[in-house]
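# Structural description and commentary
One letter stands for each residue in the lines below.
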Amino acid sequence: GGAYHLDCKPGAPASKVRAPQVAARSQEFEVNAAVEYESRRGWIPSRVIAYSLETGLYTLDCRPGVPHERLRRPQEGPLAPIDEGEERSSSVS
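Attention here is on the structure that accompanies the text. Keep in mind that this is a model prediction, so the values were computed, not measured.

## Quick notes on the pattern of salt bridges
Inspection of every chain in the model, using the stated rule, returns one salt bridge. The salt bridge involving Glu36 is made with Arg72; its shortest N-O contact spans 2.7 Å. With Glu36 in strand β3 (residues 34-39) and Arg72 in strand β6 (residues 71-72), the pair connects residues that are 36 residues apart, well separated along the chain. Judged by its relative accessible area of 3%, Glu36 falls in the buried class.

Encoded structure:
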């Protein structure tokens, strides 16, 4: 019973309303997989803790609710920028 007032149809019967469906997509990264997460600071090494079939989002060891578009398999080379205080100088003797 009951009705929903939707922006596209006021008074829509509850029997005609459902939660949005996530596009059918297979889980790209397995639980416990090493990944890189794209943050505002750059690519951060991380690990997949969980995946939600309902939402299609990953829970990482550094952040929950991450879409697959912001993940990639670990790459060779630099990840996130290094803070100047952490930068190491390599001097040749």
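More follows now that the structure is in view.
## Digging into the sheet that holds strand β4 (residues 42-51)
Reading across from one edge, β5-β4-β3-β6 is the order of the four strands in this open sheet, with antiparallel pairing throughout. In this open sheet, the two edge strands, each paired with only one partner strand, are β5 (58-60) and β6. With two bridges connecting them, β3 and β6 associate as antiparallel partners. Of the residues in β6, the one forming a bridge with Tyr37 is Leu71.

## A word on the pairing of β3
The pairing of β3 with β4 spans six bridges and is classified as antiparallel. From the neighbouring strand, Tyr37 faces β4, where its bridge partner is Ile44. Where β3 hands over to β4, the hairpin turn is made up of two residues, counted between the paired strands.

## Considering the nonpolar core
With eleven residues, the main nonpolar core is built from Phe29, Ala33, Val35, Tyr37, Ile44, Val48, Tyr51, Tyr58, Leu60, Val66 and Leu71. For this core, the elements supplying multiple residues, two or more each, are β3, β4 and β5. Residue contributions to this core peak at three residues, all from β4. Excluding residues that lie within four positions of it along the chain, Tyr37 makes contacts with Gly42, Trp43, Ile44, Leu60, Cys62, Arg63, Val66, Arg70 and Leu71.

Calculation criteria
- Residues numbered from 1 in each chain as written.
- Predicted model: local features only at pLDDT ≥ 70, side-chain atom pairs only at ≥ 80, totals over all residues.
- Heavy atoms only, no water.
- Salt bridge = Lys/Arg side-chain N within 4 Å of Asp/Glu carboxyl O.
- Helix = DSSP H or I, 4+ residues; strand = E, 2+ residues; numbered from the N terminus.
- Buried < 20%, exposed > 50% of the residue type's maximum accessible area, 1.4 Å probe, protein only.
- Pairing = 2+ DSSP bridges.
- Core = buried A, V, L, I, M, F, W, Y, C linked by side-chain atoms within 4.5 Å.
- Contact = heavy atoms within 4.5 Å.

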